[in-house]
Structures are given as structure tokens and as C-alpha cells.
Amino acid sequence: MPVIRIISSAHSCLRSASLLAAIAFTAALTMPAGADDYDDAIKDIQSTMGGVPGFMKQFPKAALPGAWAEVKAIELSDNTALPPKVKSLISLAVAAQIPCNYCVWSDTENAKRAGATDEEIQEAALTRHWSTIFNGMQVDFAQFKREMGGE
């Protein structure tokens, strides 16, 4: 993988501390890590990203190795079902909905690096708009599904 792609992709792992927290919870339940695993993960993060972001050092030591392994296998890999640009745009839509300022910024930058246009980025960010309207107006869900061609 070219260095620019690694650096660009590495920023994807920064997109969501909440993503890492969810992964960590799963990893902590399934695979406790030892001190060697933590040290190996830190070394790999350093090698991959050229540094270790502060929030990763704050992450629970038992959870970091599993969380980092999943980030590398999904977020930083080109060998997944979704191409990097699509992953970044989906992440941006989710981040806009949550909302997470850290994630919106990072996902926008990742989407740009992956070749997303300003128009694609703007469209991805619209997810929150309609969700806010539907929830705020308390639109009847069953009626909504019928009117939209569902059940």
C-alpha cells in the first residue's frame, strides 16, 4: 500500500472514538489482552500512522489491541466490500447524525482524500436533516412505511 494511502487511511481510524469504544467493548468481552499485546499494538500504530494519537493512549489497554486490529482490517484496508470513498461518506453521514464534531471533520477529510467531491460530501451530510424532521414531527412510522411503498 503506498505511503500516502496508508497515511490517508490512517486518518480513517481517527474518525470515531465512539467506533473504537464499541469495538473495544466487543474486544474486551471476547479477547483480553496482555501487556505484550498492548505494546505490540502501540508499536504497530506508530509504524502505520507515524505516531500514536493521544486518544489511543487514553484507550483502555485491554481493549486497544482488538480495536486496532479491527480498524486495520476494515478501515485501513482496501480489501473490503466497500471502497474507501464509500466508507468515508457512510461514516460522514453517521457522524453528522450522532453528531460527532471529531468524526465529521475527520470523515470529511478522509472522503476528500479518497476522491469525494464537495457535492458528494454535502449529500452524505444531509442524513441528519431528514432524520431530525421525521423525529421532530413525530411522523407515524407505520403510515410512513405504507406511504413509501412498504408494508
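Residues numbered from 1 in each chain as written. Predicted model: local features only at pLDDT ≥ 70, side-chain atom pairs only at ≥ 80, totals over all residues. Heavy atoms only, no water.

## Points about the side chain of serine 77
Checked against the element boundaries, serine 77 lands in the loop between helix H5 (64–75) and helix H6 (84–97). Among the polar contacts made by the side chain of serine 77, one reaches the main-chain amide nitrogen of asparagine 79 at a distance of 2.9 Å. Apart from residues lying up to four places away in sequence, serine 77 is in contact with Lys72 and Lys87. (Helix = DSSP H or I, 4+ residues; strand = E, 2+ residues; numbered from the N terminus. Polar contact = N/O pair within 3.5 Å; in protein donor to acceptor, adjacent residues only side chain to side chain. Contact = heavy atoms within 4.5 Å.)

## Section: the packing of helix H3 (residues 35–49) against H5
One can describe the packing of H3 onto H5 by two numbers: an axis separation of 8 Å at closest approach and a directional angle of 35°. Regarding H3 and H5, the two cross each other, and that crossing is left-handed. Together, Asp37, Tyr38, Ala41, Ile42, Asp44, Ile45, Thr48 and Met49 of H3 and Leu64, Pro65, Trp68 and Lys72 of H5 make up the contact between the two elements. In terms of residue class, the contact of H3 with H5 is built from 8 nonpolar, 1 polar and 3 charged. (Axes fitted to C-alpha atoms, helices over the stretch in contact; angles between N-to-C directions. Left-handed = near helix turned anticlockwise from the far one by under 90°. Nonpolar A, V, L, I, M, F, W, Y, C, P; charged D, E, K, R; others polar.)

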